[in-house]
Amino acid sequence: MIEDERETAHFLQKALKESGHSAELAHDGEDGLAAALEGGFDVLIVDRMLPRLDGLSVVRKLRADGVRTPVLILSALGEVDDKVKGLRAGGDDYLTKPYAFSELLARIEALSRRGDPQEQQTRYVVGDLVLDRLSHRVTRAGEPVALQPREFRLLEYLMRHAGQVVTRTMLLEHVWDYHFDPQTNVIDVHISRLRSKIDKNFEESLLHTIRGAGYMISAGKS
Amino acid sequence: MMAAYVALFVTVAAVIAGAIVWQTNELLTRQVLTTISAEAEQLETLARMQGPASVADAVAERSWAGRTHLYFLADVGAGRIAGNLNRWPPELRDGAGGLFRYTPEPGLETHERFAIGVPVTLDGGRQLLVARDVEEQREFIGRVRTLFIAGFGLLVLIGLAGGIAASRQILKRIAAITATSESIMTGDLSRRIASSGSGDELDELARNLNQMLDRIEQLMAGLREVSDNIAHDLKTPLNRLRNRAEAALREAHTAEDYREGLGRTIDEADEIIKTFNALLLIARLEAGAVDETMETFDLTALVRDVVELYEPHAEESHRRLRFHADGEILVRANRQLIGQAVANVLDNAIKYGGRPSGGGASEIEVVLAQKADRVELAVADNGPGIPSLDRERALKRFVRLEASRTEPGTGLGLSLVAAVLRLHKGSVRLEDNRPGLRVVLSWPVPAVLHAREGQPPGTRAMVDS
């Protein structure tokens, strides 16, 4: 984590540790770049405004050096064009300050799984729920489930990140490609519709709401 | 500066006058020379044809003809044979023609006069001088010169006086503008520059400056309103946040109480952040700083997607969303911002568009249409609508009409929509849907992006809930 604001950095380090991760800190761009080049990290969290070398330059240099470690850019600048610039520089995700820690955690976990073979799979399986990406068919306990195209994509994204918390903003960004705030919480209704299609009439619920964070699809009581 | 200009003006005038006088003199002199050269040639021919005596006769005869015709015929020893000059002019001794002075016959006039003469040598070595008196010509030139000097002098004086008067007048008006702008700088933004009413360039400048001041005053008023509103709309939730935290500290007894108190504090903070983000976005849109994120996309697909995103939510709020569009409409715009604007308008329609009586599902109709070089997106509900007097106010920042004060929201929804449309050189109209409100977003689309031709007419996209 390259973050010059020490209080924020220590808070994040502590919170990540409580969530079962370990984080190393660097307080300026140069130190952070040096540490990142040494490698051994699953995800890099890079603040956009850093002393000595700004965050976007750090990411550009890493990418120029062939370092493919996923990067999450943190920034106080949050407009659409800032995000576009951040992603163009080679960032994999972009989060605007202030953010909820649960949002940061969900995104880090999603990023760290990027290289996971699950990504390339043509079939996602969670418990007795099966999604086939080639035939666009979904079955639960062998019974076909009829989904609208958008519901299919929603389920696909959730299942790709099975066992991980996925936030509402992540769903908006990846399932709808919207980087704006839809004012009212419109995602919840889509989720409850999806839930009524895959979980209704079954003893075990697979699609869980994680309070204050988002949603998670998983089988077996966690 | 002024002195240099005057010096230049006078010099140029003097050069012009000098050139005219010199030219006139040259012309007259050349005429005289031509005449006397012809006469000299004629007399020379006479001498050759009829002998020297005839020339002496002719000279003697012509000498009486007029006082301006001057002759001198001299023998080899330079003694006078005939003519009305009393001597061979010393200036023309070397045989060349030119200007000389002579004294007319003593007794008549005593002072010297100027003349131009051409000498010729006749057969037998006699010398003949044919000349003309040019005293009158010189007088004429003198008068011309005097006239020019007087004329140009007068012109210079008038020009200077006029110039000084005009620049005085202009400087006075500029000083008035400076005085006005100084009093504006010290804080009196309501002052305006007076116009002379003649409609000249300075008046135009004054008018433009006044318009600029109007705009600045308007922006300042807007800014003041915004800061007042920020104070109100951010302070209120901040105060609420503080109260909740305090209440949690004071009243909570169990861990669960604390947890709930903190949860509500975070919710309140999130609302404040939302308001803040919306404000920042509006400010940046109004600064026009998001140009590079323009992309070309199918507007119909985007609107259909947003409608689809809101559809389940609408249904839960007992609204029916209906969407009509005439096939693909390609636009070049900021997709995220347009999406945000459409979402805000839909969100508003769902929030406030319900039938006052509350009976049955209300319809919300979303119609996307291409009209010549514009696209128009109309979102119409059949709720209570907005009274015509309030419509303009509804587009302003933070304005939450009384009817909606109780609903959650930042009060920035429609003003953000208006800012997005302004960025795309378009506009937002609020119309009466009888009953209900119709919000019309419209912005220009370049002709090159018009929907592809040959679109089959049957491709009306429909999403009904």
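The following paragraphs examine the structure supplied in this document.

What counts, and where the lines are drawn
Residues numbered from 1 in each chain as written. Chains lettered and ligands numbered in written order. Predicted model: local features only at pLDDT ≥ 70, side-chain atom pairs only at ≥ 80, totals over all residues. Heavy atoms only, no water. Contact = heavy atoms within 4.5 Å. Buried area = accessible area lost by both parts, 1.4 Å probe. Salt bridge = Lys/Arg side-chain N within 4 Å of Asp/Glu carboxyl O. Polar contact = N/O pair within 3.5 Å; in protein donor to acceptor, adjacent residues only side chain to side chain. Helix = DSSP H or I, 4+ residues; strand = E, 2+ residues; numbered from the N terminus. Buried < 20%, exposed > 50% of the residue type's maximum accessible area, 1.4 Å probe, protein only. Pairing = 2+ DSSP bridges. Axes fitted to C-alpha atoms, helices over the stretch in contact; angles between N-to-C directions. Parallel < 35°, antiparallel > 145°, perpendicular 65-115°, else oblique. Nonpolar A, V, L, I, M, F, W, Y, C, P; charged D, E, K, R; others polar. Core = buried A, V, L, I, M, F, W, Y, C linked by side-chain atoms within 4.5 Å.

Focus on the interface of chain A and chain B
Turning to step 1, where the next piece is worked out: Chain A puts 24 residues into the contact, and the matching count from chain B is 31 residues.
Turning to step 2, where the next piece is worked out: A combined buried area of about 2,600 Å² lies between chain A and chain B, and 52% of that area is made up of carbon and sulfur atoms.
Turning to step 3, where the next piece is worked out: Taken together, chain A and chain B are joined by five salt bridges.
Turning to step 4, where the next piece is worked out: Its salt-bridge partner being E308 of chain B, residue R150 of chain A comes within 3.1 Å of it at the nearest N-O pair.
Turning to step 5, where the next piece is worked out: Seen at the junction of chain A and chain B, the total is seven residue pairs in polar contact (both at pLDDT 80 or more).
Turning to step 6, where the next piece is worked out: Sorting the residues of the side of chain A that touches chain B by element identifies helix 4 (80–88), helix 7 (168–176) and helix 8 (187–198) of chain A as the ones contributing at least two each.
Turning to step 7, where the next piece is worked out: In terms of residue count, helix 4 of chain A provides more of the side of chain A that touches chain B than any other element does, six residues in total.

Focus on the pairing of strand 10 (residues 374–381) of chain B
Residues and elements named next belong to chain B.
Turning to step 1, where the next piece is worked out: With seven of its eight residues buried, strand 10 lies for the most part within the structure.
Turning to step 2, where the next piece is worked out: Bridge analysis of strand 9 (residues 362–371) against strand 10 gives eight bridges, and the strand direction is antiparallel. Residue pairing in the sheet places A369 in a bridge with E376 of strand 10.
Turning to step 3, where the next piece is worked out: In textbook terms, the turn of a hairpin is the stretch between consecutive antiparallel strands, and for strand 9 and strand 10 this stretch comprises two residues, one of which, A372, has a positive phi near 50 degrees.

So, the sheet that holds strand 4 (residues 123–126) of chain A
Residue and element names in this part refer to chain A.
Turning to step 1, where the next piece is worked out: A sheet is described by the order of its strands in space; here four strands give the open sequence 4-5-6-7, paired in antiparallel fashion. Each edge of the open sheet is held by one strand with a lone partner, namely strand 4 and strand 7 (143–145). If you compare each strand with its neighbour and ignore which way they point, the axes differ by 25 degrees on average.
Turning to step 2, where the next piece is worked out: The sheet contact formed by strand 4 and strand 5 (residues 129–132) spans four bridges and is antiparallel. Its bridge partner lying in strand 5, R123 is registered against D132.
Turning to step 3, where the next piece is worked out: Contacts from helix 6 (residues 149–160) reach strand 4, strand 5 and strand 6 (137–140) within the one sheet, and its direction differs from that of strand 5 by about 115 degrees.

Observations concerning helix 9 (residues 413–423) of chain B
Count 3.6 residues to each turn of an α-helix, and residues three or four apart come out pointing the same way.
Turning to step 1, where the next piece is worked out: In terms of burial, helix 9 of chain B is largely enclosed, as 10 of its 11 residues are buried.
Turning to step 2, where the next piece is worked out: K425 of chain B occupies a position one or two residues after helix 9 of chain B and carries a positive phi of about 60 degrees.

Here's the deal with the packing of helix 5 (residues 101–112) of chain A against helix 7 of chain A
Residues and elements named next belong to chain A.
Turning to step 1, where the next piece is worked out: Close contact between helix 5 and helix 7 brings their axes to 9 Å; oriented N to C, the two are set at 45 degrees. Overall, the two elements helix 5 and helix 7 adopt an arrangement that is oblique. For the pair formed by helix 5 and helix 7, the contact residues are E103, A106, R107 and A110 on the first element and T169, M170 and E173 on the second.
Turning to step 2, where the next piece is worked out: Grouping the amino acids of the contact of helix 5 with helix 7 by side-chain chemistry returns three nonpolar, one polar and three charged.

Focus on the nonpolar core
Turning to step 1, where the next piece is worked out: Judged by nonpolar contacts, the single largest core of 88 residues is most densely connected at L158, L171 and I217 of chain A together with L299 of chain B.
Turning to step 2, where the next piece is worked out: Here the element with the most residues in this core is helix 7 (residues 335–352) of chain B; it accounts for nine residues.
Turning to step 3, where the next piece is worked out: When near neighbours in sequence (up to four residues on either side) are disregarded, L299 of chain B contacts I329, V331, I338, L368, V375 and W443 of chain B.
Turning to step 4, where the next piece is worked out: By size, the runner-up hydrophobic cluster in this structure holds 19 residues, among which are V32, A40, V55 and A56 of chain B.

Focus: the packing of helix 6 of chain A against helix 8 of chain A
All names here are of chain A.
Turning to step 1, where the next piece is worked out: At a closest axis distance of 10 Å, the pairing of helix 6 and helix 8 adopts a crossing angle of 85 degrees. Taken together, helix 6 and helix 8 sit at an angle that is classed as roughly perpendicular. Contacts from E151, L154, L155 and L158 of helix 6 reach helix 8 at H190, I191, R193, L194, K197 and I198.

A word on the sheet that holds strand 10 (residues 214–217) of chain A
Residues and elements named next belong to chain A.
Turning to step 1, where the next piece is worked out: Strand order in the open sheet made by the three strands is 8-10-9, with antiparallel pairing throughout. Since the sheet does not close on itself, it has two edges, and those belong to strand 8 (166–167) and strand 9 (207–210), each with one partner.
Turning to step 2, where the next piece is worked out: The sheet contact formed by strand 9 and strand 10 spans four bridges and is antiparallel. By the bridge assignment for strand 10, T209 is matched with Y215.

Topic: the pattern of salt bridges
Turning to step 1, where the next piece is worked out: Taken as a whole and judged by the stated rule, the model has 38 salt bridges over all chains.
Turning to step 2, where the next piece is worked out: When the shortest N-O distance is used, the salt bridge between R107 of chain A and E103 of chain A registers 2.8 Å. Of the two residues, R107 of chain A and E103 of chain A both sit in helix 5, four residues apart, roughly one turn of that helix.
Turning to step 3, where the next piece is worked out: When salt bridges that share partners are traced, they join K371, E376, R429, E431 and R438 of chain B into one network.

What to know about the side chain of R319 of chain B
Turning to step 1, where the next piece is worked out: Turning to its location among the elements, R319 of chain B is positioned in strand 7 (residues 319–326).
Turning to step 2, where the next piece is worked out: At 2.8 Å, the side chain of R319 of chain B and the backbone oxygen of I350 of chain B are in polar contact.

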